[in-house]
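For reference, the chains in residue letters:
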Amino acid sequence: MRHPRIEVAGLGKDYAQVTALTGVNLRAEAGAVLAVLGHNGAGKTTLIDILGTRTRPTAGSARVCGFDVVTDGHEVRRHIGMTGQFVAVDDNLSARGNLVLIARLLGASTRQAKARAVELVESFGLAEAADRPARTYSGGMRRRLDLAAGLVGAPEVLFLDEPTTGLDPVSRSGLWEIVTRLAAAGTTVVLTTQYLEEADRLADQVIVLAMGRIVAEGTPERLKAGIGRRTATLTFADPQATRHAACALERLALRPVPDERARTVTAPVAAAGEITGLVRTLDRLGIGIADLTVTEPTLDDVYLSLHRTSWAGHE
Ligand SMILES: Nc1ncnc2c1ncn2[C@@H]1O[C@H](COP(=O)(O)OP(=O)(O)OP(=O)(O)O)[C@@H](O)[C@H]1O
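Throughout what follows, the structure given in this document is the object of discussion. (Residues numbered from 1 in each chain as written. Predicted model: local features only at pLDDT ≥ 70, side-chain atom pairs only at ≥ 80, totals over all residues. Heavy atoms only, no water.)

1. Side note on the packing of helix α5 (residues 139-150) against helix α6 (residues 169-184)
At a closest axis distance of 10 Å, the pairing of α5 and α6 adopts a crossing angle of 15 degrees. It follows from the interaxial angle that α5 and α6 lie roughly parallel. For α5 against α6, the interelement crossing comes out right-handed. For the pair α5 and α6, contact is made by Gly 140, Arg 143, Arg 144 and Leu 147 and by Ser 171, Leu 175 and Ile 178, respectively. Along the lines of polarity and charge, the residues of the contact of α5 with α6 split into 3 nonpolar, 2 polar and 2 charged. (Axes fitted to C-alpha atoms, helices over the stretch in contact; angles between N-to-C directions. Helix = DSSP H or I, 4+ residues; strand = E, 2+ residues; numbered from the N terminus. Parallel < 35°, antiparallel > 145°, perpendicular 65-115°, else oblique. Left-handed = near helix turned anticlockwise from the far one by under 90°. Contact = heavy atoms within 4.5 Å. Nonpolar A, V, L, I, M, F, W, Y, C, P; charged D, E, K, R; others polar.)

2. Observations regarding the nonpolar core
In globular proteins that are soluble, nonpolar side chains generally tend to be buried together. In terms of nonpolar packing, the biggest core is built from 49 residues, with Leu 37, Leu 99, Phe 124, Leu 145, Leu 147, Val 206 and Val 208 touching the most fellow members. No other element matches the 6 residues that α6 contributes to this core. Setting aside anything within four residues of it in sequence, one finds Leu 37 in contact with Lys 44, Thr 193, Gln 194, Tyr 195, Leu 196, Ala 199, Val 206, Ile 207, Val 208, Leu 209, Leu 223 and Leu 299. (Core = buried A, V, L, I, M, F, W, Y, C linked by side-chain atoms within 4.5 Å. Buried < 20%, exposed > 50% of the residue type's maximum accessible area, 1.4 Å probe, protein only.)

3. What to know about unusual backbone geometry
With phi around 50 degrees, Cys 65 is a residue other than glycine that occupies positive phi space. Within the fold, Cys 65 resides in the loop between β4 (59-64) and β5 (67-68). For Cys 65, a relative accessible area of 10% gives the class buried. A positive phi angle is found at Glu 162, which is not glycine, with a value near 45 degrees. Note that Glu 162 resides in the loop between β7 (157-161) and α6.

Here you go:
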């Protein structure tokens, strides 16, 4: 029988003073990318730690690849990869040295270990730096090595705790590409993040945690549709153009907010078509746009919209 890669029911974790998780249910299949979103202290790491058998739940159950995280911890660990603490990368060894060592510890022969290291350094873009000590690597290279180290055993489930925090945009998008590739090859990826954009880019399933509870879940599209809108900010040459533009956008039923001193008008927009329509209208009226930026909703917008929904329910 095929099991879901992750199956969690009524999961909870109480510490002496704090309830870190309560009543968490979730399920993820092969090749799925599950993003666990939440601000600091929401319970993301606790969830990953329970699934990775680093800490035990105090309520409910969790199975990974069909194995119970409490009673079959050893089996769970054979099927998963974790970045960060779980796989310790030795700074004095090179990427190749680290990867060979880990493969040997996992039971590979010297020849198999060397071959796996070559495969990983190449697919993670570390080939050129493969033979110098990891302590000389940049943050992005180091993160890629962490990730490669977590993948030596070709795990079925990979856990990534805030994989892109502190990375520059180029390293971040490199890492996103790797995650997409892994999922396409059938690895289930569970990642925690504070960035809605990251969940949107990578995940087909998202849960939002707040104070240890799941407060929203679904596809990124569904989550964003719940929040609704992105924000367009238009900048104009002078206050008069700003005023005219605000009037024109009002006629498009866009609820614009003008700031004549800053010469900007901001307006919530939904689909890309709405932005095109807005630009065309202003162009037709001869109102030149000096600059246009569109901001995506953030995790804060999700929380705000959830609060609004729950307040509406209490009114
Ligand atoms: N070992 C522990 N002992 C006591 N409380 C803990 C322990 N580990 C976590 N907590 C508490 O549990 C709650 C959830 O913490 P957790 O680290 O899971 O959150 P997080 O969403 O991962 O936050 P961050 O983004 O800051 O890593 C927090 O209130 C935290 O203080």
